[in-house]
Number of protein chains: 2
Amino acid sequence: MKIGIPLETRPGETRVASTPDVVKKLAGKGLEVLVESGAGARAGYPDGDYEQAGAQLTDRAGAYDVDLLLKVRRPDSADVEAMRPDGIYLGLLESCGDDDLVPSMLAKGMRVLALERMPRTSRAQSMDVLSSQSNIGGYRATLEAAARYGRFFPMMMTSAGSAKPARVVVLGAGVAGLQAIATARRLGADVYAYDVRPETREQILSLGAKPIDLDLGESGAGEGGYAKELSEEAKARQQAALGDELAKAHVIVTTALIPCRPAPVLVTEAVVQRMRPGSVIVDLAAASGGNCPLTVADEIVERHGVTIVGLTNYPALVPADASAFYARNLLNLIEIMIASGESGPELKDLEADEITAAMLMRPAG
Amino acid sequence: MKIGIPLETRPGETRVASTPDVVKKLAGKGLEVLVESGAGARAGYPDGDYEQAGAQLTDRAGAYDVDLLLKVRRPDSADVEAMRPDGIYLGLLESCGDDDLVPSMLAKGMRVLALERMPRTSRAQSMDVLSSQSNIGGYRATLEAAARYGRFFPMMMTSAGSAKPARVVVLGAGVAGLQAIATARRLGADVYAYDVRPETREQILSLGAKPIDLDLGESGAGEGGYAKELSEEAKARQQAALGDELAKAHVIVTTALIPCRPAPVLVTEAVVQRMRPGSVIVDLAAASGGNCPLTVADEIVERHGVTIVGLTNYPALVPADASAFYARNLLNLIEIMIASGESGPELKDLEADEITAAMLMRPAG
């Protein structure tokens, strides 16, 4: 059974779907691992380390001509063409079913496992790349905020006087938001946090941040622990009530995402105008339209004296650890997909396990 | 008595020699403060705030045509031409007496106070810009290291496994080095530090870092708390003994500077070759030749898989707080320079106070 690890080709992508450490474990199970030459270079994993771990180096065609393809980013049509008709795709799709990517793979006869569809159960947690990558994203986004802010994050007492700690507001207390809170707290900032899901309050407090409480008249807790979209009325109430808290912030890290929906607007232009010049907004929802309407995806802009960071791929800025976590997530998943048979590893029935069954893409209708 | 605050024009400089807060205090002493329009803009201090603080906005010529000129960076010849012959220059000179800057100012009849010559006494501490700016530099340089490192600084325990903390080595435990240690510790890194001055050992320990002890056969403690240059023999012994510690590091922050001497080579090319790919060296001595011979001033380069950051002006990346500390240092200094006389503020005898006497530049020979 062949496993393929190609070079990721999306612009700015530096991660790789598997690392030498994990390849060694896969090879140890009797799997034949084919790594495209240079696949791990940008993440700090040289070809030689994969070879030493038991992988065979190959070209792009070789890495795609496999039984099980491990990918990070959404494939393009040339990638799909290079895939084997009886192969399995295992990776992110970055699709909400509104394009022909999945149909084109299914039409070939492939089986497609979408990492976005990982169930949010405790058994599946160790396989959840959305969670591991969001964690890294929240860390790195907060470093970006600190590096772009013209003042100290921590309180400083010096012989030339003291500097107050930065006032940081984190919007959205999911995995990315909680790690943003933790990182800003590590750096000594005064941190406030808001989430539409009331159950996050305890987690915010446990990280040493102050929860911002708003009365919206409804809860934003949705399925599987994700947030759901609020009514128009509640949205307006939320923006108004948040305004004063946000205008006082020196740094805002926004992480509010609703799967397959535009990101909610939480930081209005009126709020940006009220912020002190030199303040920073890092909008982790930039790829989904942004939590601030002034955010420009993949750009860093200045509006009303405020720096607004719209980078969309923070894990790619921490590629060694992001790839390591990603690879371990996939290893944990592969372990429930494969049994060791008489003549080597054998694929189990993907419909039989609730995790792989939930991830399997099926033809529409 | 007129005080001038011009726009700093060195490439990449964003700081300003005074802030609205401090201008208010200067104006309160009866001093006439002239601020060049736009001087504070890049540091987050708009013109209107200076006006409100009691300053008068002016053009470049107006900001230079003053009794007391407050500067951050070394002036160029056009700046010197714009200065008043009976005026006082108060700022950094960035000179070791090997150029005609100071002679040209003295030839005009000006008095020149060099901030580099601030005595390292406890009375002068609140006026010491080298110290306040090094503190900011150490903080910001460590953020740069964290942002460019492909892994987490803190230890991370996640459901996808754990990440070990980064191993950070700080070379030189002066003000910048101590703040680099503190910042790396805040971010959860495992920090080791080395300084040629044995008395720094306690400070390193008190910040939660591990001192690296080397036996060089001589001490590197020099005048005024600064390091002095070692003998060739001791330098070779130092490089060899440090090598093993440095090769194990994931991140090196080097801050070893000797006033008016080339920076000592502490991280040799052989050490860089031994470091793990993806490691980061931030060389705060880049402007003085670097503590690593591969460092390129004002550039970020990759050598042997290691990112080497040669930025030379970290305080300019934290311009609001860097300017605020700088301005307060100058305010503290101005307070010992000026007495309130019958008809307003009067300049005291600069030779009479040990601090201003030490700072006054005198003709050579």
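Residues numbered from 1 in each chain as written. Chains lettered and ligands numbered in written order. Predicted model: local features only at pLDDT ≥ 70, side-chain atom pairs only at ≥ 80, totals over all residues. Heavy atoms only, no water.

Caption draft 1: The domain arrangement of chain A, seen in detail. All names here are of chain A. For chain A, the assigned domains read domain 1 (2–117 + 319–359) and domain 2 (131–316). Here domain 1 and domain 2 have C-alpha centroids that lie 33 Å from each other. Opposite the 13 residues of domain 1 that make contact, domain 2 presents 7 residues. Roughly 730 Å² of surface becomes buried between domain 1 and domain 2 when both sides are summed, with 53% attributable to carbon and sulfur atoms. Area buried by domain 1 at its contact with domain 2 is led by Arg15, Cys96 and Ala322, which between them contribute 46% of it. Linking domain 1 with domain 2 are 0 salt bridges. Applying the counting rule to domain 1 against domain 2 returns 6 residue pairs in polar contact (both at pLDDT 80 or more). Split into classes, the residues belonging to the side of domain 1 that touches domain 2 amount to 5 nonpolar, 4 polar and 4 charged. (Domains from an automatic or database assignment. Contact = heavy atoms within 4.5 Å. Buried area = accessible area lost by both parts, 1.4 Å probe. Salt bridge = Lys/Arg side-chain N within 4 Å of Asp/Glu carboxyl O. Polar contact = N/O pair within 3.5 Å; in protein donor to acceptor, adjacent residues only side chain to side chain. Nonpolar A, V, L, I, M, F, W, Y, C, P; charged D, E, K, R; others polar.)

Caption draft 2: Structural view of the interface of chain B and chain A. Opposite the 40 residues of chain B that make contact, chain A presents 40 residues. Counting each side, the surface lost to burial between chain B and chain A is near 3,400 Å², with a carbon and sulfur contribution of 57%. The interface formed by chain B and chain A contains 2 salt bridges. Between Arg151(A) and Asp321(B) there is a salt bridge, with the nearest N and O atoms lying 3.6 Å from each other. For the pair chain B and chain A, the interface holds 16 residue pairs in polar contact (both at pLDDT 80 or more). Contributions of two or more residues to the side of chain B that touches chain A are made by α6 (129–148), β7 (156–158), β8 (161–163), α7 (175–186) and α11 (319–337) of chain B. Among the residues making up the side of chain B that touches chain A, the classes are represented as 21 nonpolar, 14 polar and 5 charged. (Helix = DSSP H or I, 4+ residues; strand = E, 2+ residues; numbered from the N terminus.)

Caption draft 3: Inspection of the side chain of Asn332(B) at higher detail. Mapped onto the fold, Asn332(B) is located in helix α11. Of the polar contacts made by the side chain of Asn332(B), one reaches the backbone oxygen of Ser126(B); its length is 2.9 Å. Beyond its immediate sequence surroundings of up to four residues, Asn332(B) is in contact with Ser159(A), Ser126(B) and Met127(B).

Caption draft 4: Looking closely at the side chain of Arg84(B). Residue and element names in this part refer to chain B. Take Arg84: it is sitting in the loop between α4 (77–82) and β5 (88–91). A distance of 2.9 Å separates the side chain of Arg84 from the side chain of Asp67, its partner in a polar contact. Setting aside residues no more than four positions away along its own chain, Arg84 makes contact with Lys2, Tyr64, Asp65, Val66, Asp67 and Met110.

Caption draft 5: Broad picture of the pairing of strand β17 (residues 344–347) of chain A. Residue and element names in this part refer to chain A. Note: strand β16 (residues 338–341) against β17, 4 bridges, orientation antiparallel. Bridging across to β17, Ala339 finds its partner in Glu346. In this structure, the hairpin formed by β16 and β17 is closed by a connection of 2 residues. (Pairing = 2+ DSSP bridges.)

Caption draft 6: Here's a closer look at unusual backbone geometry. Residue and element names in this part refer to chain B. Within the chain, Glu94 stands out as a residue other than glycine whose phi angle is a positive 50°. Relative to the helices and strands, Glu94 is located in the loop between β5 and α5 (101–108). Accessibility expressed as a relative area gives 36% for Glu94, which makes it partly exposed. Non-glycine residue Asp298 carries a positive phi angle of around 65°. (Buried < 20%, exposed > 50% of the residue type's maximum accessible area, 1.4 Å probe, protein only.)

Caption draft 7: Quick peek at the state of the cysteines. Residue and element names in this part refer to chain B. Counted by the stated rule, this structure contains 2 disulfides over all chains. One disulfide bridge connects Cys96 with Cys260, the sulfur atoms lying 1.9 Å from each other. Its S-S torsion of approximately -90° makes the covalent link between Cys96 and Cys260 left-handed. Of the two residues, Cys96 sits in the loop between β5 and α5 while Cys260 sits in the loop between β12 (251–254) and α10 (269–274), which places them 164 residues apart along the sequence. (Disulfide = S-S within 2.5 Å.)

Caption draft 8: Just the relation of the copies chain B and chain A, in detail. Rotating chain B by 180° and translating it 0.0 Å along the rotation axis places it on chain A, where the RMSD comes to 0.0 Å. Classification of the inter-copy transformation places it as that of a two-fold axis. By C-alpha distance to the rotation axis, the residue of chain B lying nearest is Arg186(B), at 2.7 Å. (Least-squares fit on C-alpha atoms with pLDDT ≥ 70 in both.)

Caption draft 9: The arrangement of helix α9 (residues 232–247) of chain B in detail. Residue and element names in this part refer to chain B. Helix length check: α9, at 16 residues, gives a terminal C-alpha distance of 22 Å against a target of 22 Å (1.5 Å per residue), a fit within 8%. Residues Ala234, Gln238, Leu242, Gly243, Leu246 and Ala247 constitute the buried set of α9. Of the surrounding secondary structure, the elements contacted by the buried residues of α9 are β9 (167–171), β10 (190–194), β12 and α10. (Expected span 1.5 Å × (residues − 1).)

Caption draft 10: Looking closely at the pattern of salt bridges. Residues and elements named next belong to chain A. Summed over all chains, the structure comprises 46 salt bridges over all chains. Across the pair Arg148 and Glu144 runs a salt bridge, and its minimum N-O distance is 2.9 Å. Of this pair, Arg148 and Glu144 both sit in helix α6 (residues 129–148), 4 residues apart, which is roughly one turn of the helix. Here Glu144 falls in the buried class, since its relative accessible area comes to 9%. Linked by salt bridges that have partners in common, Glu13, Arg15, Arg73 and Glu94 make up one network.

Caption draft 11: How the structure looks around the packing of α6(B) against α7(B). All names here are of chain B. Contact geometry for α6 and α7: axes closest at 7 Å, N-to-C directions at 35°. You can see that α6 and α7 cross each other, and the crossing is right-handed. Listed contacts from α7 to Ser131, Ser134, Asn135, Gly138, Tyr139 and Thr142 of α6 are Val175, Ala176, Gln179, Ala180, Thr183 and Ala184. Residues of the contact of α6 with α7, tallied by class, amount to 5 nonpolar, 7 polar and no charged. (Axes fitted to C-alpha atoms, helices over the stretch in contact; angles between N-to-C directions. Left-handed = near helix turned anticlockwise from the far one by under 90°.)

Caption draft 12: Here's a closer look at the sheet that holds strand β4 (residues 68–70) of chain B. Residue and element names in this part refer to chain B. The sheet built from 6 strands is open, its strands ordered β3-β2-β1-β4-β5-β6 with parallel pairing. On the outer flanks of this sheet lie β3 (56–58) and β6 (111–114), each paired with one strand and no other. The average undirected angle you get between the axes of adjacent strands in this sheet is 25°. Bridge count between strand β2 (residues 32–36) and β3: 3 bridges; the pairing is parallel. Its bridge partner being in β3, Leu34 is matched across the sheet by Gln56.

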